[in-house]
Amino acid sequence: MYNTSQTKPLKKIGSRNIVWILVVVVALVIIQILVSKGGSVLPSETYRGNKVVSVYSRAKNNRKNSDDDQFKYITDGVEGQVVSELKQPKCRNLGIDDKDLSTNSTLDTIANNTANNPGLFIHVGPVKTGSSSIQCNLQVNPFLKLSSYKFLGRPEQVCPKTTFQRQGGKLWDLQAFVFRYILRGWLGQTDTNKDFENYVNKFKATFQNYFEEGLNSIFSAEEFCGLLDLEKKTSENERLIQLFADLLNDIPQVITFQVVHRYGFEWALSNYQFSEIWGKINLKSMEDKDMDSILAHKDIFLDYSPDNSCSPYKIWRFLRRKLIPLLDRATIKVINFNGNDGDDVATRYICSLPGAEKACQKSREIVKLDIARPTNADILHADRIVTAAWKEGMIANRSSYFANGRKEIREILINHVQHGLNSTFYEMPLECLSAQELSMSLGLSLCIGKYMLGEKFNATDVGSMFTRAKSKNKFCSVNVTALFSEDPSWGVFFRTIEI
């Protein structure tokens, strides 16, 4: 029995303990205030220590207030018309200098220069923004000459069939130009190597001739993303950038760098699918590398300037910061991949060129090409299911023919889902990016779209496309474990499969 007479008297609370208690109370109050203002953080079990968390936190902590800073992250889910609350997004701490916040150069600001001085248009892509389709169009488009334009390269090898013959004339090897002459510093060796000197002189002479003939020139190559290898500030990188700038300054044309902007979440999705499929599509053995789930690549949805990739934002930022300030006659033009004008991206590119009205009109009337390098996400989903079934022992035939029949079994599975089940892979059990991850991806898409497109940016278009993609489960991969455990018929399918 508890004897109150035996209880010890309470010790007096010292001044030091009082201070600690006050510190704890104040900290709890501050946390409560932050949470009430939308300062929640990402789930610790998913992103603890991740670089993306720091970007997310800084963006929130640097807000002035909800009235002044109209950009809001959606933390209560992303259903419906999510951008109705996102009027004029403002982002901070995305690595953008104040000088980058000015409105981009538009067609109007460079049209006068180009009308009197032929221009050099350097289309840098980047990857997954329609570069192959643009290059294929430029190779066969017979109407460029109507507007005094000439395409110099790069030749694209995966062009769809067309009724037009490819343009005559030699195309420059831009891959060699970028990686050897720029990144390896061959431009700086012209005094000691006659071959290098001849190459550079030929390069300059080509543009001098076109300038005198009044012709505009177009370079198109994603290889220019290799310039990002020089992004880190070192004396050698600065030297190589300056060498390239010196070469461009010797060219008489007005230079316009062209970057195609694609909404961030859509670019990230396409980049993930493309890198997995085209990096592993030719693997034959079931024991080779698996194609990854979207969850293994979630970082690219939360950071559109990853170290190992060339995003539209990253190459745009590099050109504005590092190269264009060194040039005498240069500007940058952003072309919207996601236009709502009814044009495909290749025709939209032609129509964005200054003074190319005739070529634009004719291209809209006649030149229609299929997508040059389409990405079939079914290949990705099917491959993950097939390799998992093999490693689980569900495929009974363990012969070397089956062990190296990854492609054949994958095609059988795609046909079975589409025609046997009359279904899609997105109707299977799925593992998806979380609502909070999607919210962040949408937020970055809005921020960067606003910076790059300026007054042409349309938040409603971004929201509509995002909502459609989410409703179709595009931000998901098949949950293979759940698929096999929930439906035993897949065991029967793989045991009886024949190739």
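Placed above this text is the structure.
Reference entry: report on the structure contained in this document. (Residues numbered from 1 in each chain as written. Predicted model: local features only at pLDDT ≥ 70, side-chain atom pairs only at ≥ 80, totals over all residues. Heavy atoms only, no water.)

Reading across from one edge, β2-β3-β1-β4-β5 is the order of the 5 strands in this open sheet, with parallel pairing throughout. The open sheet has two edge strands with one neighbour each: β2 (149–153) and β5 (330–336). Mean inter-strand twist for the sheet, computed between neighbouring axes without regard to direction, equals 25 degrees. Pairing between strand β4 (residues 254–261) and β5: 7 bridges, direction parallel. (Pairing = 2+ DSSP bridges. Helix = DSSP H or I, 4+ residues; strand = E, 2+ residues; numbered from the N terminus. Axes fitted to C-alpha atoms, helices over the stretch in contact; angles between N-to-C directions.)

In this model, helix α14 (residues 377–391) (15 residues) spans 22 Å end to end at C-alpha, consistent with the 21 Å of a helix rising 1.5 Å per residue. Of all 15 residues in α14, 14 are buried; the element is thus mostly enclosed. Between the side-chain oxygen at the start of α14 and the backbone nitrogen of Asp 378 there is a gap of 3.0 Å, and the oxygen is on Asn 376. Downstream of α14 by one or two residues, Gly 393 has phi in the positive range, about 80 degrees. (Expected span 1.5 Å × (residues − 1). Buried < 20%, exposed > 50% of the residue type's maximum accessible area, 1.4 Å probe, protein only. Polar contact = N/O pair within 3.5 Å; in protein donor to acceptor, adjacent residues only side chain to side chain.)

With that settled, the discussion passes to the nonpolar core. Within the largest apolar cluster, 100 residues are counted, with the highest numbers of intra-cluster contacts made by Phe 224, Phe 257, Leu 319, Ile 385, Phe 484, Trp 490 and Phe 494. Excluding anything up to four places from it in sequence, Trp 490 contacts Met 394, Leu 413, His 416, Val 417, Leu 421, Met 428, Leu 483 and Phe 484. If you look at the next biggest cluster of nonpolar residues, it comprises 18 residues, including Phe 151, Val 260, Ile 335 and Ala 346. (Core = buried A, V, L, I, M, F, W, Y, C linked by side-chain atoms within 4.5 Å. Contact = heavy atoms within 4.5 Å.)

Okay, the pairing of strand β3 (residues 216–220) next. Every other side chain in a regular strand lies on the same face of the sheet, so the side chains alternate between the two faces. Burial runs high along β3: 5 of the 5 residues are buried. Every second residue of β3 is oriented toward a common face, with Asn 216, Ile 218 and Ser 220 on one face and Ser 217 and Phe 219 on the other, all of them buried. One ladder, built from 4 bridges, connects strand β1 (residues 119–123) with β3; its direction is parallel. Across the sheet, the residue bridging to Ile 122 is Phe 219, located in β3.

Let's shift gears to the environment of Leu 453. Here Leu 453 is to be found in helix α17 (residues 435–453). Judged by relative accessible area, which is 9%, Leu 453 ranks as buried. Separated by 118 residues in sequence, Leu 453 and Ile 335 have C-alpha atoms that sit 7.9 Å apart.

Along the chain, Gly 125 connects to Pro 126 via a cis peptide bond; the corresponding omega equals 5 degrees. You can see Pro 126 is positioned in the loop between β1 and α5 (131–140). Here the phi dihedral of Asn 473 falls at roughly 60 degrees; this positive angle occurs in a residue that is not glycine. By secondary structure assignment, the location of Asn 473 is in the loop between α18 (459–471) and β7 (476–478). For Asn 473, a relative accessible area of 27% gives the class partly exposed.

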